[in-house]
Structure formats: structure tokens, C-alpha cells
Amino acid sequence: MEFPYAEPFKIKSVENIKRSTIAQRKQWIQEAHYNLFNLKSDQVFIDLLTDSGTGAMSDNQWAEIMKGDEAYAGSRSFELLKANVQRITGYKYLIPTHQGRAAENVLFSAMVNAGDVIPGNSHFDTTKGHIEFRKAKAIDCTIDEASDTSKFHPFKGNVDLNKLEKVFKTYPKEKIPMVIMTVTCNTAGGQPVSMKNIQETSELCRRYGIPLFFDGARFAENAYFIKKREDAYKHKTIKEIVREMFSYGDGMTMSAKKDGLVNMGGFIATNDVAIYNKATVFAILFEGFITYGGMSGRDMGALAIGLDEATEFDYLESRVEQVHYLGRKLMSADVPVQQPIGGHAIYLDANKFVPTIPREQYRAQALAVELYIVGGIRGVEIGTILADRNPETGENRYPDLELVRLAIPRRTYTNNHMDYVAAVIEHVYHTRKEAKTGYEIIYEAPVLRHFTVKLRKI
Ligand code: F0G
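Fair warning: this is a prediction, and the values are worked out from it, not measured in the lab.

Chemist: Describe in detail the state of the cysteines, supporting the description with residues and values.
Modeler: Applying the stated criterion to the full structure yields zero disulfides. Here Cys-141 is not disulfide-linked; the sulfur of Cys-205 is the nearest cysteine sulfur, at 10.0 Å. Cys-141 sits in the buried class, given a relative accessible area of 1%. Not engaged in a disulfide, the cysteine Cys-185 finds its nearest cysteine sulfur in Cys-141; these two sulfurs lie 12 Å apart. Residue Cys-185 is classed as buried on the basis of its relative accessible area of 0%.

Structure below.
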């Protein structure tokens, strides 16, 4: 007989969350100008804004916090982190940074110049931002299947090798400082990249003499999908898979707030000593001395332990399967979600969910606000507001997809919370036909407007 699944941990410390009424939430969201970033966390019941830095640490991580060595240079906590990064990723040289975008800032300062191009699989916003800030260009080479939300493909984060080779043939080698492969690919919906694709991308890069770097924010979740979906890896451990994945590249940037299982932190790791040496100059300038780079000793210790825990199968199974548990509930109620479900979040397809709200009235935002009012759930719009305006015409850019992302923090909510979330979404879905109008913008910043936008209900 097969018994029901149960999480491989028990809870030692709890944090109360506040319930509220629909009337209260209506008032709060109006005061927040219908921008979910403006809410106080006390006004939110279930916070699915992001899975970044919002997870729960283990007793072993908290124990390591108490043992943190805060020496300015050469701390024991740095040595512990370095040893674990070396063992888990195979990369020799380590530069800690205060978070993922700081790792991008340091690495790109050393490697990216104006006029360069950096191909990859749907670069994350901050990655693209740091590339464009240097007057270089990010070129998206993700496979076409990634943009069809209803099509099943086991590895929608894959790089299209023909698109990548075209970039290699179009631009001289000196203009392509690196390829960035994001595992899992957040922008494509937390979709994994297969080992085969990593290997083939690596071969192509080597053939053209171009370094391959990983954006490893969710590398462990990627390894879990490889184990589950790529036959040859069925019997390998997650740690073996992770070592092999990284062996095909020259280095990585890391937002440790995801698969590092910590609330703040990041790093660059590489086997290329020349790149390491160049990057250390900028690390000292922007982040701090090379043995702490923006992190306190105690936080490096917690990260060292977190990396070990995140690369254990039992943990990953509980994490990814919780996301899929919510996804399956929604799909069985015919709620339109992006498929297949990725590693860290559910993406509601607002074009199918609330087609009656005009796109010019920000239907994905309208849906996100509705989930908050009805159930106190905070997600985030990934649609027209996020896409900003065309800088030349000043017109809204309408992306193919209007999504609401519900990112699940690690080890934080129980499946009862997921049942609650599913019930709220199903309810909103079945009453959605009443929704005819959305929102208009009354204030927006010239770039990255979604963080501070102010809206009015139409
Ligand atoms: N790369 C990826 C794939 C990310 O998802 C993020 C952050 C970063 C880099 C930047 O890292 O936040 O530590 O500076 N993603 C968060 C999210 C913000 O909500 O998806 P950071």
C-alpha cells in the first residue's frame, strides 16, 4: 500500500500571520493605490510575492549563525562557505556578494563592455538590466516552445542551439564576453534546462571560444527536474547531477536567496583565475573585501549549510512537489495556468482568466488585486505594467503573456495554505465573468514602473 506523502521536516519555530476582512483589504489596497508592493506584510495573509529570501532556515543553519566568525579577512565562515561551494559546484574561486544582482554587477564590470552582446535563455530582469546599463545587449535564445503556455515540454528553459549559433556567426568573438544560462529559467516560468541542452550549449560555446556562465539562483530545482525527467539521471544523486551541470560551464552568479536557502546573500564562483582576478577588483570596490563581499560571517555560515540542504533529494521533493500540488489542484478545476508547472511558482494566465477586462486596463494586475481582496493573497503581475513603455513611442508594450505569478517560499507554508490559495483562486475564477473593467495609471516612473506605479480603479 502506498501511504500519503509527508514532509521530511517538522516545525520548531512558528511565525503568526494575520487574518483580515474583505472590507479591510479593500481599504488597504485602495490606500496602496492598487499596487501590491505598497502593502505592509501585516496586511497580507499568504505572501506569494516572491520565493526570494522569504524561506525558512533550518535548525542547523541557525546553529551556524551563532558560530559566525566576523573577522574582516579570512574568517572561518568564509572558509566553510568556500569549501562547500567547491564541493557542491566544483568551482574553485569564490567571491561572496550581498545578493544575486550584486554578483551580476561585479562579474559584468569585469567582463562586459558597451556594444557587447550576451546571448542566453530569457535573462532575468536584473541580469538584463545590468547588461543594458553597460550599453550591451541581452539576446534571448530560448526555444520557441517556451512561449506557448498550454504546450507540454519537459525542458522549456532550453537554449535553441540554432539561435545561439546564429548569434555566434553574426557577432565577432570579442563582442560576446559570455553566454548566460539561467537554471531554472525564471522568466520562462521556472522552467528547467536539460542536461543534454547544457552539454550541447557548452560544446557550442567551446567551439566558438566563448565562456559559459550559469545564473544559478534555482540550480538545485533544475537538478531535481533533470533527475525526474531525463532517464539517464534517474539513479544519480542531486549532488552528482549538480556537479555535472556546473562542469559544463566556466562559472556562475548566484542569488543565494533562492536555492541557498538564506534570506540574503549571493556569490560568483568560477574556475577561471583570470576572470576571478579581474572580478575581485570590482568586488572590493562595490561589495567589500573578497572574503566577505557584502555578507556577514554568520550569513556565510548559514549559506554554507543551506547549499548542502538544498541539494538533498528529500528537501527538493517536498519543495517542488508542493508547488505542483497547488498547480494540480488549479488544473483540475480548469483554472488557466502556465504548463508544465515550474519549480518555484504558479503562473495564472490572465488572458484566459479575465479576457473580459481590456488589456489597456491591465488585466493581470486586476486579477492580482482581486486575489488580494478576496483572499489576502499577494502575487505579482508579470504583464503589461511590468513590460514598461516603448522608450521611443511612449506607448505601452503588450507582451504575449499576461501573467500573475504566485511564488511559493521554501519550507514556509503548509499544504493547508495551498488548499486555501487554490480555493480562493477557484472562487475568483468562477465569478470572473462579472469583471469588465480594470485600472488606469495615475503615476508611473520612467523605468521599472511596476514597483512604484499608482493606479485608479475604472
Ligand atoms: N537571477 C534570477 C534567475 C532571479 O530570479 C533573480 C531574482 C536574480 C537573478 C537576482 O537576484 O534578487 O538576489 O538580486 N529574482 C527574484 C524574484 C527577485 O522574485 O524572482 P537578487
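Here the narrative resumes, following the displayed structure.
Chemist: Describe the sheet that holds strand β11 (residues 380-382), and please don't skip the residues or the numbers.
Modeler: On the basis of which strands lie adjacent, the open sheet formed by three strands has the order β9-β12-β11 and antiparallel pairing. Single-partner strands in this sheet number two, and they are β9 (345-349) and β11. The average angle at which neighbouring strand axes cross in this sheet is 30 degrees, direction not considered. One ladder, built from five bridges, connects β9 with strand β12 (residues 403-407); its direction is antiparallel. Note that in β12 the partner of Asp-349 across the bridge is Leu-403. The strands touched by helix α14 (residues 363-375) within the sheet are β9, β11 and β12, with β12 carrying the most contacts at an inclination of about 40 degrees.

Chemist: Outline helix α3 (residues 76-89), supporting the account with residue identities and numerical values.
Modeler: Its 14 residues give α3 an end-to-end C-alpha distance of 20 Å, which sits within 8% of 20 Å, the value for a rise of 1.5 Å per residue. Residues of α3 that are buried include every one of Ser-77, Phe-78, Leu-81, Asn-84, Val-85, Ile-88 and Thr-89, and no others. For α3, the angular spread of buried residues about the axis comes to 130 degrees, placing them on one side. On the buried face of α3, the contacting elements are β2 (93-97), α8 (219-229), α9 (238-247), β7 (251-255), β8 (266-270) and α11 (297-310). A positive phi of about 85 degrees marks Gly-90, the residue just after α3.

Chemist: Give me the site of the ligand: which residues, what numbers.
Modeler: Around the ligand there are 17 residues in total, and Thr-50, Arg-101, Asp-215, Ser-255 and Lys-258 lie nearest to it. Here the ligand, which alone exposes 470 Å², has 92% of that area covered by the protein. Of the residues forming the shell around the ligand, the biggest block, three residues, is contributed by helix α4 (residues 100-111). Residues belonging to the shell around the ligand are distributed by class as follows: two nonpolar, eight polar and seven charged.

So, how was this worked out
- Residues numbered from 1 in each chain as written.
- Predicted model: local features only at pLDDT ≥ 70, side-chain atom pairs only at ≥ 80, totals over all residues.
- Heavy atoms only, no water.
- Disulfide = S-S within 2.5 Å.
- Buried < 20%, exposed > 50% of the residue type's maximum accessible area, 1.4 Å probe, protein only.
- Pairing = 2+ DSSP bridges.
- Helix = DSSP H or I, 4+ residues; strand = E, 2+ residues; numbered from the N terminus.
- Axes fitted to C-alpha atoms, helices over the stretch in contact; angles between N-to-C directions.
- Contact = heavy atoms within 4.5 Å.
- Expected span 1.5 Å × (residues − 1).
- Arc of directions from axis to C-beta.
- Near = heavy atom within 4 Å.
- Areas by Shrake-Rupley, 256 points an atom, 1.4 Å probe, with all protein chains shown as cover.
- Nonpolar A, V, L, I, M, F, W, Y, C, P; charged D, E, K, R; others polar.

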